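Observations on the model geometry
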Amino acid sequence: QVLLGESGGGLVQPGGSLGLSCTASGNFYSIAGMGWYRQAPGKQRELVASITSAAGTNYADSVKGRFTISRDYAKNTVYLQMNRLKPEDTAVYYCNAAASQGRWAPDEDYWGQGTQVTVSS
């Protein structure tokens, strides 16, 4: 079982910055990709950014140039630095990790509990 503990989030004014972090703990053999998703009220959950085990990154078009995802592989932690925030970035942000329980076991998706990010003046 993999537990994802998120921190960060909160209320910030438009144009401001905020950082999120997520640490994976529990029993697992390896973690492949990690990432952040978000879900605004009345909308589907969407990918914000992801990072692979080889440090390849992928961003939603709406956050490119403003958000940066990074990862500390030794600490099993993924970070999301959010700059130039906009009201439309308001959502619950969820950490995601694809982890396996053994060398030959398939990756499974795990989710954090979510953290609220509100961008408002």
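Residues numbered from 1 in each chain as written. Predicted model: local features only at pLDDT ≥ 70, side-chain atom pairs only at ≥ 80, totals over all residues. Heavy atoms only, no water.

1. A short note on the side chain of Ser100
Relative to the helices and strands, Ser100 resides in strand 9 (residues 91-100). Contact partners of Ser100, with chain neighbours within four places excluded, come to Phe28, Tyr29, Ser30, Ala105, Pro106 and Asp107. (Helix = DSSP H or I, 4+ residues; strand = E, 2+ residues; numbered from the N terminus. Contact = heavy atoms within 4.5 Å.)

2. Some remarks on the pairing of strand 3 (residues 18-26)
Regular strands place their side chains on alternate faces of the sheet. Sheet topology places strand 1 (residues 2-8) next to strand 3; seven bridges connect them, and they run antiparallel. Note on strand 3: the bridge partner recorded for Val2 is Gly26. Here six bridges tie strand 3 to strand 8 (residues 77-82), and the two strands are oriented antiparallel to one another. Residue pairing in the sheet places Cys22 in a bridge with Val78 of strand 8. (Pairing = 2+ DSSP bridges.)

3. What to know about the state of the cysteines
Applying the stated criterion to the full structure yields one disulfide. In this model Cys22 forms its disulfide with Cys95; the gap between the sulfur atoms is 2.1 Å. Between Cys22 and Cys95, the S-S dihedral sits near -80 degrees, and the bridge is therefore left-handed. You can see Cys22 sitting in strand 3 and its partner Cys95 sitting in strand 9, a full 73 residues away along the chain. Overall, Cys95 belongs to the buried group, its relative accessible area being 0%. (Disulfide = S-S within 2.5 Å. Buried < 20%, exposed > 50% of the residue type's maximum accessible area, 1.4 Å probe, protein only.)

4. What about the sheet that holds strand 3?
A sheet is described by the order of its strands in space; here four strands give the open sequence 1-3-8-7, paired in antiparallel fashion. Each having just a single partner strand, strand 1 and strand 7 (67-72) make up the two edges of the open sheet. The sheet shows a mean angle of 15 degrees between the axes of neighbouring strands, direction not considered. Judged from the six bridges that link them, strand 7 and strand 8 form a sheet pairing that is antiparallel. Bridged to Thr68 within strand 8 is Gln81. (Axes fitted to C-alpha atoms, helices over the stretch in contact; angles between N-to-C directions.)

5. Describing the environment of Arg84
Looking at where Arg84 falls in the secondary structure, it is placed in the loop between strand 8 and strand 9. Sequence separation between Arg84 and Cys22 is 62 residues, and the spatial gap between their C-alpha atoms is 21 Å. Apart from the residues within four sequence positions on either side, Arg84 is in contact with Gly15, Gly16, Ser17, Gly65, Arg66 and Asp89.

6. Regarding the nonpolar core
In this structure, Trp36, Leu80, Met82 and Tyr93 are the most contacted members of the largest nonpolar core, which totals 31 residues. Elements that contribute at least two residues to this core include exactly strand 1, strand 3, strand 4 (30-39), strand 5 (46-51), strand 7, strand 8, strand 9 and strand 11 (115-119). Per-element tally for this core: the top contributor is strand 9, with five residues. Filtering out sequence-adjacent residues up to four positions away, Tyr93 remains in contact with Glu6, Leu20, Trp36, Tyr37, Arg38, Val48, Phe67, Leu80, Met82, Gly114, Thr115 and Val117. (Core = buried A, V, L, I, M, F, W, Y, C linked by side-chain atoms within 4.5 Å.)

7. Re the environment of Ala105
Its place among the elements puts Ala105 in the loop between strand 9 and strand 10 (108-111). Considering only alpha carbons, one finds Ala105 and Tyr29, 76 residues apart in sequence, at a separation of 8.9 Å.

8. With respect to the pattern of salt bridges
Two side chains of opposite charge can pair, provided their charged atoms sit close to one another. If you walk through the whole model with that rule in mind, you get four salt bridges. Between Arg38 and Glu46 there is a salt bridge, and its shortest N-O distance comes to 2.7 Å. Exposure remark for Glu46: the relative accessible area of 36% places this residue in the partly exposed category. In this structure, a network of salt bridges that share partners links the residues Arg38, Glu46, Arg66 and Asp89. (Salt bridge = Lys/Arg side-chain N within 4 Å of Asp/Glu carboxyl O.)

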